[in-house]
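Working through the structure, step by step
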Amino acid sequence: MTMTEQNPVTEPATKVPSLPDAQTVTHVRHYTDRLFAFRTTRPRSLRFRSGEFVMIGLMGDNGKPLLRAYSIASPSWDDELEFYSIKVQDGPLTSKLQHIQPGDEIILRPKPVGTLVHDALLPGKRLWFFATGTGFAPFASLLRDPETYERFDQVIVTHTCRDVAELTYSQELVSGLAEDPLIGEFVGDKLTYYPTTTREKSPKMGRITHLLQDGTVFGDLGIDGISPETDRAMVCGSMGLNLDLKEILEGFGLEEGANSDPKHYVVEKAFVG
Ligand code: A2P
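Residues numbered from 1 in each chain as written. Predicted model: local features only at pLDDT ≥ 70, side-chain atom pairs only at ≥ 80, totals over all residues. Heavy atoms only, no water.

**Observations concerning the side chain of K87**
Residue position: K87 is located in the loop between β5 (80–86) and α1 (94–97). Buried charge K87 goes without a salt bridge, the closest partner of opposite sign being D33 at 6.6 Å. Within the local environment of K87, its side chain forms a polar contact with the side chain of H30, the two groups lying 2.8 Å apart. Those residues within four positions of K87 in sequence are excluded, and the remaining contacts are H30, T32, D33, R34, L35, F36, T94 and Q98. (Helix = DSSP H or I, 4+ residues; strand = E, 2+ residues; numbered from the N terminus. Buried < 20%, exposed > 50% of the residue type's maximum accessible area, 1.4 Å probe, protein only. Lys, Arg positive; Asp, Glu negative; His and termini not counted. Salt bridge = Lys/Arg side-chain N within 4 Å of Asp/Glu carboxyl O. Polar contact = N/O pair within 3.5 Å; in protein donor to acceptor, adjacent residues only side chain to side chain. Contact = heavy atoms within 4.5 Å.)

**Considerations on the sheet that holds strand β2 (residues 35–41)**
Taken together, 6 strands build an open sheet; the order of strands is β4-β3-β6-β1-β2-β5 and the sheet is antiparallel. Pairing within the sheet leaves two strands with one partner each, and these edge strands are β4 (65–71) and β5. Ignoring which end each strand starts from, the neighbouring axes of this sheet average 35° apart. One ladder, built from 5 bridges, connects strand β1 (residues 22–30) with β2; its direction is antiparallel. Within β2, the residue paired with V25 across the bridge is T40. (Pairing = 2+ DSSP bridges. Axes fitted to C-alpha atoms, helices over the stretch in contact; angles between N-to-C directions.)

See the structure below:
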């Protein structure tokens, strides 16, 4: 049948996306003046592994898409997608993205990639997630994936932020996991959350790198140390954090893995603005 203006094909009453690869924003929550999270519809065809990232963005003033890499913060089984973002007031994308509202459209290229995936790690007993700032996003996905708890006896997630308010996203996510009807039973008593702040007083202060180097983390958690026999790690934060942690983990004898060559730890740079 040919569609004409007089004889239109009847379409379901859903909004037709106006952008290529458009997804509709369903929720937005602002945590601080520097941080916000949002959820969008998920393309039916999008399959991804928890911990991967995609390119997302908005149409720029010049009519070209302005895209950045964003870790998917939602788990692979979720019907929607979630993202956790910094707001950079003069950042080309986030200065605009921070104003999105439910019903708005964003561009999402459905080609997930990344190294913070279980496939890049050898089996082990204890899994560490080391995050600073919005580097927590891929772990928000992995912490809600049953595979994380099926593969490891113990999961430790550290999150270092400047101040206490910046820990809200990870704090609420972790505290909701035990009661989560879908994955609560997988989590059981395997998960330990280790939040630290560097610029505001809190129960645990200091950069995670320093707390590992002086043994504070191990003392607090009653662990002897990190070893390639038992421990696996994923790292996501600023370039500085990634380099410092790489050195620390290699000092413990861990080797960096990749999708094609799984080993003891993997690193990815958090989106920065
Ligand atoms: P600091 O306050 O000492 O710079 P940001 O918000 O700038 O992305 O930083 C997030 C957190 O990461 C801050 O608490 C910051 O500490 C910390 N951080 C920055 N660089 C490093 C690093 N090289 N090693 C460990 N933590 C770091």
